[in-house]
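Each chain is listed here by its residues.
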Amino acid sequence: MTTKRLLRIAAKDGETALGLWEMQPVGPAILPPVLLVHGATFGSALFDLPVAGYSLMQELARGRFVYAIDVRGYGASIETGVMNAPMAAHPPFCRARHAIEDVAAAISEIRRRRKVLLIDLIGFSWGTIVAGWYASRHPAEVRRLVLYAPLFAEKNALWLDRIGDAADSCKLAGHFGAYRLVAMADVIARWNSDAPGDPADVRADGVVEALFEAAASNDVLAGSRHPPAFRCPNGAFADLVEVFNGRPLYDPGTIEAPVLLVRGACDTTSTATDMQRLEAVIGSVEKSSLEIPDGSHFLCIEKNHMSLYRAINTYLTMD
């Protein structure tokens, strides 16, 4: 059984306390450490569910230290001034450009602790923007890059209907303040919106409950709400409005590390055409893409999750 602990590190602004999760390796640490960067809603909880066999972190910990960052406003990094203020008091919090600074702080700490120059980097969904952007700026620090459910720049009408302004879909809807509240019903609705056919075909019993409980456990106020709900920053939505209008947030042409792009074949958020467009413009000499059948946007915690785990592990253990 692997051991996981929470490290506290300072963000580059010197004001924000960040939570960096560290999982000890199974066996000797013979592989470079890896850092996981989460998406727009669940924080790092998505990578380590308390359900047997549903932990990407544990799967990756065979011979390496595994880390997962909660960027400001998420999970173990939720306690900020903005997140404790009324949601309407501030604009959407934690844009990708801010998350990059938190990833920088995490990578600096990992390199110091493990005494390495290079690490492997994995991003999920909105986190692929953050991870790809970071890799494009810091080629000397990233050995291999995995972008799971990658997002780049493609018109996505489904998402613009969800979060775009009704009068101008080029903008985020005005009701989104600094953060939003996410209840169990919201988690189910979001997952169901991406699942092909019957959600039970891809989702095992008890997993959605475990996901909500894991995400909500980091918010001390979650249980005081009726129904229970955790706070989640809206800065990612402001970024996604840009991306889903076809406006990229960074230049992948400056990425030098080998890159694997991987998505569930039924994902309506990270589409096949957007992944192909991203692969075409990535500057790396070594790059590849993979679609895994029977999976939606949340493939990493669906019934076919081991196909994703194996694909990532195989890629990261290459010389």
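One can find the structure itself at the top, above this paragraph.
Here the residue numbering is sequential within each chain, running from 1 through the sequence in written order. This being a predicted model, a pLDDT of at least 70 is required before a residue's local features are given, and a value of 80 or more before pairs of side-chain atoms are given or counted; all residues contribute to the totals for chains, interfaces and linings. Heavy atoms throughout the structure, all of them, feed into the side-chain values; hydrogens and water do not.

### Describing the overall build of the chain
Part 1 of the reasoning: A count of helical and extended segments in the chain gives 10 helices and 10 strands.
Part 2 of the reasoning: Its C-alpha radius of gyration of 18 Å places the chain within 12% of the 20 Å reference for a compact globule of 319 residues.
Part 3 of the reasoning: Principal-axis analysis of the C-alpha atoms places the extent of the chain at approximately 50 × 40 × 40 Å.
Part 4 of the reasoning: Three labels apply to residues, based on accessible area from a 1.4 Å probe with only protein chains included: buried if under 20% of the type maximum, exposed if over 50%, partly exposed otherwise in between. Among the 319 residues that make up the chain, the fraction classed as buried is 59%.
Part 5 of the reasoning: Put simply, of all contacts in the chain between residues at least 6 apart along the chain, 76% involve residues at least 24 apart.
Part 6 of the reasoning: To measure how exposed things are, a 1.4 Å probe is used in the Shrake-Rupley method; for residues, cover is taken only from the protein chains shown. Approximately 12400 Å² of the chain is accessible, and the part contributed by carbon and sulfur atoms is 55%. Where helices and strands are cited, they refer to DSSP runs of H or I of at least four residues and of E of at least two residues respectively, numbered from the N terminus. With C-alpha atoms as the basis for the radius of gyration, the globule rule is written as 2.2 Å multiplied by the number of residues raised to the power 0.38. Whether two residues are in contact is decided by their heavy atoms: any pair within 4.5 Å suffices.

### Digging into the layout of surface pockets
Part 1 of the reasoning: Of the voids in this model, the largest pocket is the one considered here, and its volume is about 440 Å³.
Part 2 of the reasoning: Those elements that provide at least two residues to the lining of the largest pocket are α5 (157-163), β7 (179-183), α6 (184-194) and α8 (235-243).
Part 3 of the reasoning: A per-element tally of the lining of the largest pocket places α6 first, with 5 residues.
Part 4 of the reasoning: Here the nonpolar group is Ala, Val, Leu, Ile, Met, Phe, Trp, Tyr, Cys and Pro; Asp, Glu, Lys and Arg are the charged ones; every other residue, Gly included, is treated as polar. Of the residues contributing to the lining of the largest pocket, the split by class is 14 nonpolar, 8 polar and 4 charged. A cavity here means a set of points on a 1 Å grid, drawn over the protein atoms and nothing else, where a 1.4 Å probe fits but cannot get out; a pocket is an open set with protein on both sides within 12 Å along at least five of seven lines, and a residue lines either one if it has an atom within 4 Å of a point. Grid points are joined across faces, edges and corners, and a volume is the space filled by probe spheres set on the points.

### Section: the packing of aromatic side chains
Part 1 of the reasoning: Side-chain rings of Phe, Tyr and Trp (the six-membered ring for Trp) are treated as a pair once their centres are within 6.5 Å; stacked means planes under 30 degrees apart, edge-to-face means over 60, and tilted covers the remaining angles. This model, assessed by the stated rule, comprises 12 aromatic pairs.
Part 2 of the reasoning: Look at F42 and F298: their rings are 6.0 Å apart centre to centre, the planes differ by 75°, and that puts the pair in the edge-to-face class. Separated by 256 residues along the polypeptide, F42 in the loop between β3 (34-37) and α1 (56-60) and F298 in the loop between β10 (287-292) and α10 (305-316) bring together distant segments of the chain.
Part 3 of the reasoning: According to the relative accessible area criterion, F298 is buried, its value standing at 4%.
Part 4 of the reasoning: Charges are assigned to positions over rings by a cutoff of 6 Å between ring centre and Lys NZ or Arg CZ, combined with an angular limit of 35 degrees from the ring normal. It is K4 that lies over the ring of W21; its NZ or CZ is 4.5 Å from the centre.
Part 5 of the reasoning: Across the ring face of F65, the terminal group of R114 is positioned such that the distance to the ring centre comes to 3.7 Å.

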